[in-house]
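Understanding the architecture of this molecule
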Amino acid sequence: MPDQWDETVLATLFTQSGVGLVVLDPQLRLVRANAHFEGVATKEYIGRRFTDAFRLDDPEGSEELLKQVLAGRGPVRDHLVSGRLRTIPGDRQFQVSAYRLDAPGGDPDAPGGDPDAPGGDGPGAPGQGHHGADAPALGLVTTVVDVTDRERARARETALTAVRDTVGGSLDTAATCRALIDALVPGFADLAAVEVVDDVLRGVDPPVGPLPPDTPLCRAASGRCDTPGDKPQPQPGPDPEPGADPESDSDPEPDPKPELGHQPQPDPDPDPDPREDRPRPAAVTRRLPLRTPFALTAADLRPRLVPLTPDTPWLDADAHAAHAVAESGAHSLIVVPLSLRGAVLGLVSLYRCGAAEPFDEDDVTLAVAAATRAALAIDNARRFEREHVIASTVQRRLLPQAAREQAAVETAHVLLPGRDSGCWYDTIALAGARTALVVGRVEGEGLQTAIVMGQLRTVIQALADLDLEPEEVLARLKDTADRLAEERDSLPPADALQREPLSAGCLYGVYDPFARTCTVARAGHPAPIVVGPDGRAVPFDVPEGPGLFSDDSALFAPAVVTLDVGSLLAFCTADLLTGDRAAERIAETLSRPGRTLRQAGDDVVYALPADTRAGGAALLLARTGTVSDHKVATWDLSQERRAPATARALVRDRLQEWGLDEDTVEASQLIVSELVTNAVRYGTPPLRLRVLLDSTLTCEVHDGSPASPHLRHARTVDEGGRGLFIVSRLASHWGARHGPDGKVLWTEQELPSGESEGTTTAPPPPA
């Protein structure tokens, strides 16, 4: 009876089993097989080697692992191998299990009979088998299941999961397209390209389909597999010798189970993606040729599955695609539109090359799902890009639109574009040939950041015209910033600005060419970098004040440095001071001789570390100079009633010597007379008069009194009070500035065209 049961069970398995059954002899040749692994009669395979029957990709490795099962090292269960069948074209995936057949008389309960029992670890436990290593083996019985469709579905699901996990995490269009390529290549496609409508990259609304034929598309990202059509290969270690003792190995971890052929599962600790180090092609812009799958897809917004052969007719109309197909050996193409709500954002092209299986309709479904997610992410990035473009445009309109020549300094700036739209710089001409140097930054992105930057810049320009000391300018600027913060806090709770904190810093300095000093104060901003004309860094410790929108109420403290003519001042935002020894690096860059300021600024940018944050930055460089002696005149006057007359005579002689017209001379005499009279009557010694010829004519009267005069509007019957009113009518600008030794009243007069001359004497770049 048992023999009949055995025969019946065996016959039933070989005739009705839903899996392929193969019996191998000790030489791994087919002895018996059912028809399920081919679907047809299998008599022609009897006597063939197992690896030949299935044409495995790695026959040597597969045979070696089967021999280990024959040697009694335990069965192999549910391992995937790659191969091909004679009756079904293309690569196939098989799930194979192999068990040793022992001769009668063996002990089925011998140690190692159950690989899952304690002490047994399948074939990784040498010297153990179902009946011991010394029991005679009749061969192997193997089960073979064609799991190609299952593995393809799993690969598609893996690719779609990668798309869901990686695409959409960035508001940058190029990064989004790159993430899509990385998710699909090489797991799903061997070659891929994402082309985006050129206007979309600049934030413009995408065109509604069909896409006009002459619309330019830019290749935002592309990628290819190094070995098209090849499947991932495992990296097995050296095969252990049968009967070897695993405990003799120094590795305390158990040996892994043997693998039959190639394993498509990813390595649990994969090496870094080699594509990350591969040079990425530059963006290419093209217009879609007519009568190609790309143009048709862009027209009707439907995906295309296209087989490729050397004789494909439409390749003649698309030289770009023809070259790519010929170079890569592509044989299958999917073209999917990047569309959203009927608008066309671009195209995704996926290729399979070499020995890879052609795409099928299930692959098209996956490609459409991936493209739909990518289109949504690209549209989000486009909206963000549009906001960035608007904010950057506003920022640039709020910055100086033309280079401003200053009386005694040469300046140059570098503005690095980036997501941050709050960086600003400024050079402001002050009375007495002095120059205010300003650099600041409002933290954040978007239009509101640019607006706040413009507000602060406008305020600081108004404060600079008041001739305040740098620390006073920043103190009043912070008062204004506090009021702006209060206004934002008073917005309705639902307003998005309520959730955007305000933070800003500013660096403000004034260079005086007569004293050759630079006075600097800073509010939450890096200190300036100073390099002398000899190329050596000049120590300049500026106390740090509170940020403009901070709650800190500490006072601002100025710092003063005396500079030689030809010194370099670098005012830069924090993004340029990244990395180790950032200040030293910039100082070394600026110390190189024989360059213009613009070249020096460019060199500072070139020397930035590769990982510098691309958020936007500003750099303002200034080379100090002096005022030409023959364009300035200074006189010390006595504090007496004759001083106004003396001043009028001195000014007339000097202005005539400079060749100014008579109207200007007479107006200047009247201005000087009124200012000196006011200083004699209400001021204290010492009394000093200075005239300076530049693009304007400047008159300055200094006295030792801190009291400032006030402009009065005298009535008709008043006998006095008209002096400053007359001055204000004759001069284009006038004002007063205070110092530790008194005050200075100054006026500026516009000169007729052709009479102004530059007064700057700035040294040439060091040789």
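1. Focus: the sheet that holds strand β2 (residues 30–33)
Reading across the sheet, the five strands line up as β2-β1-β5-β4-β3 and stay open at both edges, with antiparallel pairing between neighbours. Because the sheet does not close on itself, it has two edges, and the strands there are β2 and β3 (76–84). Between one strand and the next, the sheet's axes are offset by a mean angle of 30 degrees, whatever the strand orientation. The sheet contact formed by strand β1 (residues 20–24) and β2 spans three bridges and is antiparallel. Its bridge partner being in β2, leucine 24 is matched across the sheet by leucine 30. Against the sheet, helix α4 (residues 148–166) touches β3, β4 (91–102) and β5 (137–146), its axis set at about 125 degrees to β4.

2. Description of the nonpolar core
A general trend in soluble globular proteins is that nonpolar side chains are found buried together. Counting 57 residues, the largest nonpolar core has Leu456, Leu477, Tyr508, Leu548 and Phe549 as the members making the most contacts within it. Sequence-distant contacts of phenylalanine 549, defined by excluding residues within four places in its chain, comprise Val452, Leu456, Ala481, Leu484, Ala485, Leu502, Ser503 and Ala504. Judged by nonpolar contacts, the second largest core, of 56 residues, contains Val194, Val200, Leu217 and Ile378.

3. Things to note about the side chain of glutamate 195
Mapping glutamate 195 onto the fold places it in strand β6 (residues 191–197). We classify glutamate 195 as buried; its relative accessible area is 6%. For glutamate 195, the side chain forms a polar contact with the side chain of arginine 286, separated by 2.7 Å. With residues up to four places along the chain from it excluded, the contact list for glutamate 195 reads Leu217, Cys218, Arg219, Ala220, Arg286, Leu338, Leu345, Gly346, Leu347 and Ser349.

4. Regarding the packing of α4 against helix α9 (residues 361–398)
Relative orientation of the contacting elements α4 and α9 amounts to 5 degrees, with a least axis distance of 10 Å. Here α9 runs roughly parallel to α4, going by the angle between their axes. Across the interface between the two elements, Arg156, Glu157, Ala159, Leu160, Val163 and Arg164 from α4 touch Asp362, Asp363, Leu366, Ala369, Ala370 and Arg373 from α9.

5. Observations concerning the environment of aspartate 482
Relative to the elements of secondary structure, aspartate 482 occurs in helix α11 (residues 470–489). The spacing of aspartate 482 and leucine 548 is 66 residues in sequence and 7.5 Å in space, taken between C-alpha atoms. Discounting chain neighbours no more than four positions away, the residues touching aspartate 482 are Leu548 and Ser550.

6. Brief notes about the pairing of strand β14 (residues 435–442)
Counting buried residues along β14, eight of its eight residues qualify, which places the element largely inside the surrounding structure. Along β14, one buried face is formed by Thr435, Leu437, Val439 and Arg441 and the opposite face, lined by Ala436, Val438, Gly440 and Val442, is buried too. Both strand β13 (residues 423–429) and β14 contribute to a ladder of seven bridges, which runs antiparallel. Looking at the pairing, tyrosine 425 lines up with valine 439 of β14. Where β13 hands over to β14, the hairpin turn is made up of five residues, of which glycine 432 adopts a positive phi near 75 degrees. Two elements, β14 and strand β15 (residues 504–512), share eight bridges in a ladder whose sense is antiparallel. The residue bridging glycine 440 from the neighbouring strand is cysteine 506, located in β15.

7. A short note on the confidence of the model for the protein chain
Model confidence for the protein chain is summarised by a mean pLDDT of 80, while 81% of its residues fall at 70 or above. Between residues 107–133, whose pLDDT stays under 50, and residues either more than four places distant or in other chains, the model counts 57 contacts. This model gives residues 231–282 a pLDDT under 50, and the stretch forms 69 contacts once residues within four places in sequence are excluded.

8. Concerning a nonpolar patch on the surface
On the surface, a cluster of nonpolar side chains totalling about 310 Å² of accessible area is made up of Trp5, Val9 and Leu13. Along the chain, leucine 13 falls in helix α1 (residues 2–16).

9. Description of the packing of helix α10 (residues 447–465) against α11
It is at 10 Å that the axes of α10 and α11 come closest, and there the two elements cross at 145 degrees. By crossing handedness, the relation of α10 to α11 is classed as right-handed. Contacts from Gln448, Val452, Gln455, Leu456, Val459, Ile460 and Leu463 in α10 reach Val473, Arg476, Leu477, Thr480, Ala481, Leu484 and Arg488 in α11.

10. Examining the environment of alanine 220
Relative to the elements of secondary structure, alanine 220 occurs in strand β7 (residues 216–224). Residue alanine 220 is classed as partly exposed on the basis of its relative accessible area, which comes to 24%. Between the C-alpha atom of alanine 220 and that of aspartate 198, which follows or precedes it by 22 residues, the distance is 9.3 Å. In contact with alanine 220, other than residues within four places in its own chain, are Cys177, Val194, Glu195 and Val196.

Criteria and thresholds
Residues numbered from 1 in each chain as written. Predicted model: local features only at pLDDT ≥ 70, side-chain atom pairs only at ≥ 80, totals over all residues. Heavy atoms only, no water. Pairing = 2+ DSSP bridges. Helix = DSSP H or I, 4+ residues; strand = E, 2+ residues; numbered from the N terminus. Axes fitted to C-alpha atoms, helices over the stretch in contact; angles between N-to-C directions. Contact = heavy atoms within 4.5 Å. Core = buried A, V, L, I, M, F, W, Y, C linked by side-chain atoms within 4.5 Å. Buried < 20%, exposed > 50% of the residue type's maximum accessible area, 1.4 Å probe, protein only. Polar contact = N/O pair within 3.5 Å; in protein donor to acceptor, adjacent residues only side chain to side chain. Parallel < 35°, antiparallel > 145°, perpendicular 65-115°, else oblique. pLDDT = per-residue confidence, 0-100. Patch = residues over 30% accessible without salt bridge, like charges linked within 9 Å, V, L, I, M, F, W, Y side chains within 5 Å. Areas by Shrake-Rupley, 256 points an atom, 1.4 Å probe, with all protein chains shown as cover. Salt bridge = Lys/Arg side-chain N within 4 Å of Asp/Glu carboxyl O. Left-handed = near helix turned anticlockwise from the far one by under 90°.

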